[in-house]
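# What the coordinates show
Spelled out from the first residue to the last, the chains are:
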Amino acid sequence: MQDRQIRVIGIGTGDPEHLTLQAVRALADVDAVFVLDKRAETADLVEIRRRICAAHIAKPHRVIAVEDPPRERRPADYGSTVAAWHAARAERLEAAFAEHLAPGAVGAILAWGDPALYDSVLRILDRIAARGQVAFTRTVIPGLSSVQVLAARHGVPLNGIGGSVLITTGRRLAAGWPEDVGSVVVMLDGDPTFGHLDPDLTIHWGAYLGSPDEILIAGRLGSVGEAIRRVRAEARERHGWIMDIYLLRRSQAA
Ligand SMILES: C[S@@+](CC[C@H](N)C(=O)[O-])C[C@H]1O[C@@H](n2cnc3c(N)ncnc32)[C@H](O)[C@@H]1O
């Protein structure tokens, strides 16, 4: 019996031209698209995915929403609660594969940006494979991540000469500037405060990268930090959501 195929396809950050030729080819013969956690999606993101499927999937296909199980936000035992939640997510996706994908058929999961960066899809697929209930082969098609798009839109390198770059979250940066690092890319920051950081850092900030609503601001943190906070709050209010990312660099890292 033939295995089901699951293709995890990085789609870039919203510009239809971010799709690689490899992604376009991988989409063409897909039978079913699995959409994880539809509740977390804004209408704009749903529309981007719909357009990609309509433009590149050449045959009739189904779109199957797999809702995330409810998650306790402040559990008493964080570790075991999160593990149980991850297991429940894997079970739901596994059940969707079994129900909607016949052996030999091709399923796709469209990952925002690149699937390897702050995305749980590959870990969920590992769990399903480990359970051994539904056999599938997995292919990952890399996508342009928001990190690359940020650097390109500002026209800057990420690293200083021979230096390292740390990619981290707003929550981790809140603990302070990491040792021995000249450049830090910060993702998933729901409320950038900047107050605890050296005002002489250079910041390159971008929101809605790759979309017509893209906003870019760059400069000395102490000079543009407040403007970024203001512009960010206004944009979030206007759109009802925001995705933004920033690169911070020590001046000697240039
Ligand atoms: C759950 S992570 C997914 C990252 C994605 N896998 C990637 O490769 O970019 C979401 C975070 O990525 C960043 N991000 C994704 N798309 C973005 C965009 N179009 N503009 C700015 N930041 C973006 C933001 O920091 C956001 O909080």
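Source: prediction; values computed, not measured.

### As for the sheet that holds strand β2 (residues 32-36)
What the five strands build is an open sheet, ordered β3-β2-β4-β1-β5; its pairing is parallel. The two strands at the open ends of the sheet, each matched to only one other strand, are β3 (62-66) and β5 (136-141). Averaged over all pairs of adjacent strands, the angle between their axes in this sheet comes to 25°, without regard to strand direction. Sheet topology note: the β2/β3 ladder contains five bridges and is parallel.

### Some points on the site of the ligand
Taken together, 20 residues lie near the ligand, and G113, S145, S146, M187 and L209 sit nearest. For the shell around the ligand, the elements supplying multiple residues, two or more each, are β8 (202-207) and β10 (244-249). Taken together, the residues of the shell around the ligand sort by class into ten nonpolar, seven polar and three charged. Residues lining the shell around the ligand come from more than one domain, with at least three contributed by each of domain 1 (4-141) and domain 2 (146-253).

### Digging into the domain arrangement of the protein chain
Each assigned domain of the protein chain is listed with its residue range as follows: domain 1 (4-141) and domain 2 (146-253). Relative to domain 2, the C-alpha centre of domain 1 lies at a distance of 28 Å. Contacts between the two partners involve eight residues from domain 1 and, on the opposite side, nine residues from domain 2. Its residues assigned to classes, the side of domain 1 that touches domain 2 shows one nonpolar, six polar and one charged.

### Here we look at the nonpolar core
I9, I11, I109, L110 and A111 are the most contacted members of the largest nonpolar core, which has 30 residues in total. Elements that contribute at least two residues to this core include exactly β1 (4-10), α1 (21-28), β2, α2 (43-56), α3 (78-100), β4 (106-111) and α4 (121-131). The biggest single contributor to this core is β4, with five residues. Within the second largest apolar cluster, 21 residues are counted, among which are L173, W205, I245 and Y246.

### Let's talk about unusual backbone geometry
Phi angles above zero are rare outside glycine, and Y118 is one such case at about 45°. Relative to the assigned elements, Y118 resides in the loop between β4 and α4. Positive phi, normally seen in glycine, also occurs at F194, with a value near 65°. Tracing the chain through its elements places F194 in the loop between β7 (183-187) and β8.

### Considering the environment of G14
Relative to the helices and strands, G14 is located in the loop between β1 and α1. In this structure the C-alpha to C-alpha distance between G14 and D44, which are 30 residues apart in sequence, comes to 9.3 Å. The contacts of G14, once residues within four sequence positions are left out, are I48, G210 and S211.

About the criteria used
- Residues numbered from 1 in each chain as written.
- Predicted model: local features only at pLDDT ≥ 70, side-chain atom pairs only at ≥ 80, totals over all residues.
- Pairing = 2+ DSSP bridges.
- Helix = DSSP H or I, 4+ residues; strand = E, 2+ residues; numbered from the N terminus.
- Axes fitted to C-alpha atoms, helices over the stretch in contact; angles between N-to-C directions.
- Near = placed C-beta within 6 Å.
- Nonpolar A, V, L, I, M, F, W, Y, C, P; charged D, E, K, R; others polar.
- Domains from an automatic or database assignment.
- Contact = placed C-beta atoms within 7 Å.
- Core = buried A, V, L, I, M, F, W, Y, C linked by C-beta atoms within 7 Å.
- Buried ≥ 20, exposed ≤ 12 C-beta atoms within 10 Å, placed from the backbone.

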